[in-house]
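Next come the chains, spelled out residue by residue.
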Amino acid sequence: MLKIAVCVSGGGTNLQAIIDSIKSGRLENVEIVRVISNNPNAYALERARNEGIDAVCVSPKSFSTRDEFNSALLDSLNEAKPDLVVLAGFLVVIPKNVIEAYRGRIINIHPSLIPSFCGTGYYGLKVHEAALQRGVKITGATVHYVDEGTDTGPIIMQKAVEVKEGDTPEILQRRVMEQAEWIILPESIGLIAKETEKK
Ligand code: GAR
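Residues numbered from 1 in each chain as written. Predicted model: local features only at pLDDT ≥ 70, side-chain atom pairs only at ≥ 80, totals over all residues. Heavy atoms only, no water.

1. Considering the layout of surface pockets
If you add up the space inside the largest pocket, you get close to 780 Å³. Along the wall of the largest pocket there are 39 residues; nearest its centre are Gly89, Phe90, Leu91, Asn108 and Tyr123. Listed by contribution, the elements that provide at least two residues to the lining of the largest pocket are helix H1 (13-24), strand E5 (106-110), strand E6 (138-145) and helix H6 (169-198). Class assignment of the residues belonging to the lining of the largest pocket gives a composition of 15 nonpolar, 20 polar and four charged. Here the second largest pocket is characterised by a volume of approximately 260 Å³. Forming the boundary of the second largest pocket are 15 residues, of which Arg26, Leu27, Pro186, Glu187 and Gly190 lie nearest the centre. A per-element tally of the lining of the second largest pocket places H6 first, with nine residues. (1 Å grid on protein atoms, 1.4 Å probe; cavity = no way out; pocket = protein on both sides within 12 Å on 5 of 7 lines; lining within 4 Å. Points joined across faces, edges and corners; volume = space filled by probe spheres on them. Helix = DSSP H or I, 4+ residues; strand = E, 2+ residues; numbered from the N terminus. Nonpolar A, V, L, I, M, F, W, Y, C, P; charged D, E, K, R; others polar.)

2. Considerations on the pattern of salt bridges
Going through the model one piece at a time under the given rule, you end up with seven salt bridges. Two residues, Lys23 and Glu51, come together in a salt bridge whose shortest N-O distance is 2.9 Å. Within this pair, whereas Lys23 is found in helix H1, its partner Glu51 is found in the loop between helix H2 (43-50) and strand E3 (55-57), the two being separated by 28 residues in sequence. A salt bridge links Arg174 to Glu178, with the nearest nitrogen and oxygen atoms 3.0 Å apart. On the criterion of helical spacing, the pair formed by Arg174 and Glu178 is a turn pair, its members being four residues apart in helix H6. Take Arg174: its relative accessible area is 42%, and that puts it in the partly exposed class. What emerges from the salt-bridge pattern is a single network uniting Arg34, Asp54 and Glu79. (Salt bridge = Lys/Arg side-chain N within 4 Å of Asp/Glu carboxyl O. Buried < 20%, exposed > 50% of the residue type's maximum accessible area, 1.4 Å probe, protein only.)

3. Considerations on the site of the ligand
By nearness alone, 15 residues border the ligand, and Gly12, Thr13, Asn14, Gly124 and Glu181 come closest of all. Asn14 places a polar side-chain atom, nitrogen or oxygen, 2.9 Å from an oxygen atom of the ligand. Here the ligand occupies the largest pocket. Only H1, E5 and H6 provide two or more residues apiece to the shell around the ligand. Grouping the amino acids of the shell around the ligand by side-chain chemistry returns six nonpolar, eight polar and one charged. (Near = heavy atom within 4 Å. Polar contact = N/O pair within 3.5 Å; in protein donor to acceptor, adjacent residues only side chain to side chain. Sits in = over half its atoms within 2 Å of the grid points.)

Now the structure itself:
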């Protein structure tokens, strides 16, 4: 059984996609042991609690220094003892202490085809705004391992999505989620679960 901790900041539709894949049996031998949000108001926390999943908030606002927050984040992960940390719309730069403790065991979903529209400042809707501004005809999503850089780690899976005439950032974001993110994030976790079983 691959135990995963899922880190979230907002709506949690990617978290829901993982939950639904586990419930439907498409994603086997995977258990969500904890959901962590930096944002106390994230709807993702409610999604987790609705499913009886342990859900906690670790907010930078509750700590006087960034180092204290970084330690609390690591403590919260360590308590849950995950085999894999999944960043599903977690809009916090992962601190060094967490990367070192979970090297090669953190994955992230990014809403573009890396290396396009990624790196510092590219998150959420901003990614789709930039893609529309550049006029690309194809965009998509990427699941990758997390290293010290921003969106620089090895790529696990990508899926392309068409940009259509008249798209707004919101419409494009929704299509990228439906046609790419909600598919490749559970699939990537499944791939890692299978590889872990073989070891
Ligand atoms: C998703 O589109 C995810 O790819 C993006 O935030 C959204 C979270 O939505 N992540 C990034 O931009 C990371 N750089 P969700 O909370 O509904 O899953």
